[in-house]
Amino acid sequence: MSGDHAVDVQSPVPPPTDAVRGAGAHRGRSVIRRWVIAGVATVGFGLAALVVATAIGAAAGVSAALLGLVAATIPLGIVVPTFMWLDRFEAEPTRYLVRAFLWGALIAVVIAMTLNTAGQLVLWGSIPEDESLALTAVFVAPFVEEAAKGVFVLLVWRLAKREFDGITDGMVYAGVTAAGFAFTENIQYLAIAWVEHGQEGLTATFVGRCLLSPFAHPMFTICIGIGIGMAAMSRSGAVRILAPLGGYVIAVLAHAVWNLAAVSGGQGLIAVYLLVEVPLFLAFLGFVVWVRRREGRLIGQFLSAYADAGWLSPAEVAMLASMPKRREARQWARLNGGRAALRSMEEFQDAASELALLRRRMHHSAADARALTEERELLGILARRRHEFAGQVL
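Keep in mind it's a predicted model, so treat the numbers as computed, not measured.

Quick word on the packing of aromatic side chains
Then comes step 1: What the rule picks out here adds up to 12 aromatic pairs.
Then comes step 2: Aromatic side chains W258 and Y273 sit 6.4 Å apart centroid to centroid with 50° between the ring planes, which places their arrangement in the tilted category. With W258 in helix 9 (residues 237-264) and Y273 in helix 10 (residues 266-308), this residue pair connects regions lying 15 residues apart in the sequence.
Then comes step 3: A residue is classified by how much of its surface remains accessible, and Y273, at 22% relative accessible area, is partly exposed.

This is how it looks when you write it as C-alpha cells:
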C-alpha cells in the first residue's frame, strides 16, 4: 500500500463544501465544456452515420441494408452483454460506453472505408482487382482497422484517466468499440450477400460472421485494450509506450491471419477456424473470467486498509470483493428495506469499487490533490449510504 500517496484513511470526512471550495466558476466552465463536447460529438457521429448509410445504401440498396441491419443486431445480444458482465465490479459510465460503440460503428468505419479504399486503389494500379482485394484484406485492413478502433481506447486513457483503471477497463472499452465496428461491417456484408446471392448467401454469411465468429473483432482489439491497461498502471515510460504498441501489433497479426484464411476460403478457412480461432476463443473466455475474478481480489486488497482504519468492516470488504455476495447483499437490502434500501446498497457498492480502484491508482502513481479530495468524498458517500440502507432496513 502506498501510504506516501494516500490520505490518512482515519482522518474525518470533511463536509461536502470543503471538497468544492472555490469550484463554482470551474463548474460553470465544465458545464459549458460538456455541452460543447456533446455538440461536436453529435455532429461528428451524425455526419459519420450519413456517410456510412450512403455507402452501404449505394452498394446494396436501402431494403437490403435494412435487412442487414436487423440481422446484424442479433450477435450484439451475445457480444455486448459479455463485456457488461466483465464490467460489473466497477461499471463504466454509460455515456462512455455509448460513445465507444458509436465510435466503432461510425467513426472507425469511416476511417477504415477511406484508407482501405485508398490502399486498394494504389494496389489496383499495378495488379488485377481480385489480387488487390486480397492484398488489401491481409496487408492494409488489419493495420487500418485496429488503429481506428484502438485510438478510442487511447483517447479514454489520456483524456478521462479517472474512468480508466487498468486492464479490465481497457478490455471493456476495446470490446465495445470493436462490437460497434463489427455491427456496421456485418450490415454491409449481409446486405451485399443478399443482393448478390439471395437467401442462401445471406444465410451463409449470417452463420459465418454472426454465429460462428461474433467475437472476432473484439478478440483482436482487446489486445490493444490490454496493452493500454498495462500502460495505465505502470510508472515506466518504456512500458507506457511499448505495451500499447505491442498490443496493437498482436491485434494486427491476429486480424491479418483471420483475413488471410477468409480470402483463401475452403479448407484453409476451416483449418484456421478449428485449429487457431476456436482455441483462441476458448482462451479469450478463460481470460475474461480470470480478469473479472482478479478485479474482485484487487478490490478486496485495496479496501483492506479502510477496514483496518474502521471505515469498513471485514465482512463488508469480503462482500464487496465477491460478485455473488454483492448480489446477496442487494437482495437482502431490497427484501428488508425496499427499493430505497436497494438503491443505497447499490450506490454503496459502486462507491466502494471506485474507492478501491482509486486507491490502486494512487498506489501506482503519484496522487494529486484532486485524487485526495475524491478519496474523502467517496469515504463520505460510503458512510452516508450505509446509514441510509441500515436505517431503512431497521
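What about the confidence of the model for the protein?
Then comes step 1: With 90% of its residues at a pLDDT of at least 70, the protein reaches an overall mean of 87.
Then comes step 2: Every residue in residues 1-8 is under pLDDT 50, and counting partners more than four places away or in other chains gives 23 contacts.
Then comes step 3: Counting contacts from residues 11-26, a segment whose pLDDT is below 50, to residues more than four positions away or on other chains yields 12 contacts.

Looking at the nonpolar core
Then comes step 1: Counting 58 residues, the largest nonpolar core has F83, L86, F164, M171, Y173, L190 and F284 as the members making the most contacts within it.
Then comes step 2: With residues up to four places along the chain from it excluded, the contact list for M171 reads F83, L86, I222, G225, I226, F287, V288 and V291.
Then comes step 3: Formed by 29 residues, the second largest nonpolar core is a distinct cluster that contains W311, A329, A333 and F389.

Re the packing of helix 4 (residues 94-124) against helix 5 (residues 129-139)
Then comes step 1: For the pair helix 4 and helix 5, the least separation of the axes is 9 Å and the interaxial angle reads 140°. Taken together, the axes of helix 4 and helix 5 are oblique relative to one another. Between helix 4 and helix 5 lies a crossing whose hand is right-handed. Together, N116, G119, Q120, L123 and W124 of helix 4 and E129, S132, L133, L135 and T136 of helix 5 make up the contact between the two elements.
Then comes step 2: Considered class by class, the residues forming the contact of helix 4 with helix 5 number 4 nonpolar, 5 polar and 1 charged.

Let's talk about a nonpolar patch on the surface
Then comes step 1: A cluster of nonpolar residues, V257, I270, L274, L275, V276 and L280, forms a patch on the protein surface that exposes about 550 Å² of accessible area.
Then comes step 2: For the nonpolar patch, the element with the highest residue contribution is helix 10, accounting for 5 residues.
Then comes step 3: Take V257: its relative accessible area is 40%, and that puts it in the partly exposed class.

Focus: the packing of helix 6 (residues 141-159) against helix 8 (residues 216-232)
Then comes step 1: The N-to-C vectors of helix 6 and helix 8 enclose an angle of 35°; their axes lie 10 Å apart at closest approach. Here the hand of the crossing between helix 6 and helix 8 comes out right-handed. Across the interface between the two elements, E145, E146, K149, G150, V153, L154 and W157 from helix 6 touch H217, F220, T221, I224, G225, I228, A231 and A232 from helix 8.

Quick notes on empty space enclosed by the protein
Then comes step 1: Applying the stated rule across the entire model yields 1 cavity of 30 Å³ or more.
Then comes step 2: Within this model, the largest cavity holds a volume of roughly 30 Å³.
Then comes step 3: Forming the walls of the largest cavity are L86, D87, F89, E90, E92, T168, D169 and E295.
Then comes step 4: Classifying every residue of the lining of the largest cavity gives 2 nonpolar, 1 polar and 5 charged.

Overview of the pattern of salt bridges
Then comes step 1: Applying the stated criterion across every chain, the model contains 7 salt bridges.
Then comes step 2: Between E185 and R209 there is a salt bridge, with the nearest N and O atoms lying 2.6 Å from each other.
Then comes step 3: Looking at R209, the relative accessible area reads 22%, which means it is partly exposed.
Then comes step 4: Among the ionic pairs, R359 bridges to E375, the shortest N-O distance being 3.0 Å. Of the two residues, R359 sits in helix 12 (residues 323-364) while E375 sits in helix 13 (residues 369-393), which places them 16 residues apart along the sequence. Each member of the pair R359 and E375 is classed as buried.
Then comes step 5: One network of salt bridges, with partners in common, ties together E347, R385 and E388.

Concerning the environment of A340
Then comes step 1: With respect to the helices and strands, A340 occurs in helix 12.
Then comes step 2: Relative accessible area serves as the criterion here: at 27%, A340 is assigned to the partly exposed category.
Then comes step 3: Taking C-alpha positions, A340 is 7.4 Å from F389, a pair spaced 49 residues apart along the chain.

Notes on the side chain of S213
Then comes step 1: By secondary structure assignment, the location of S213 is in the loop between helix 7 (167-211) and helix 8.
Then comes step 2: Sequence-distant contacts of S213, defined by excluding residues within four places in its chain, comprise G208 and W258.

Examining helix 10
Then comes step 1: The terminal C-alpha atoms of helix 10 lie 62 Å apart, and with 43 residues this matches the ideal 63 Å at 1.5 Å per residue to within 8%.
Then comes step 2: Y273 marks where helix 10 bends most, by close to 40°.

Re helix 9
Then comes step 1: With 28 residues, helix 9 extends 41 Å between its outermost C-alpha atoms, agreeing within 8% with the 40 Å of an ideal straight helix rising 1.5 Å per residue.
Then comes step 2: Residues of helix 9 that are buried: A243, P244, G247, A251, V252, H255, A256, W258, N259 and A261.
Then comes step 3: Its side-chain oxygen 3.3 Å from the backbone nitrogen of A238, S236 forms the N-cap of helix 9.
Then comes step 4: Just past helix 9, the residue G265 takes up positive phi, approximately 70°.

So, how was this worked out
Residues numbered from 1 in each chain as written. Predicted model: local features only at pLDDT ≥ 70, side-chain atom pairs only at ≥ 80, totals over all residues. Heavy atoms only, no water. Phe/Tyr/Trp six-rings, centres within 6.5 Å; stacked < 30°, edge-to-face > 60°. Helix = DSSP H or I, 4+ residues; strand = E, 2+ residues; numbered from the N terminus. Buried < 20%, exposed > 50% of the residue type's maximum accessible area, 1.4 Å probe, protein only. pLDDT = per-residue confidence, 0-100. Contact = heavy atoms within 4.5 Å. Core = buried A, V, L, I, M, F, W, Y, C linked by side-chain atoms within 4.5 Å. Axes fitted to C-alpha atoms, helices over the stretch in contact; angles between N-to-C directions. Parallel < 35°, antiparallel > 145°, perpendicular 65-115°, else oblique. Left-handed = near helix turned anticlockwise from the far one by under 90°. Nonpolar A, V, L, I, M, F, W, Y, C, P; charged D, E, K, R; others polar. Patch = residues over 30% accessible without salt bridge, like charges linked within 9 Å, V, L, I, M, F, W, Y side chains within 5 Å. Areas by Shrake-Rupley, 256 points an atom, 1.4 Å probe, with all protein chains shown as cover. Salt bridge = Lys/Arg side-chain N within 4 Å of Asp/Glu carboxyl O. 1 Å grid on protein atoms, 1.4 Å probe; cavity = no way out; pocket = protein on both sides within 12 Å on 5 of 7 lines; lining within 4 Å. Points joined across faces, edges and corners; volume = space filled by probe spheres on them. Expected span 1.5 Å × (residues − 1). Bend = angle between axes of the 7 residues up to and from the residue. Polar contact = N/O pair within 3.5 Å; in protein donor to acceptor, adjacent residues only side chain to side chain.

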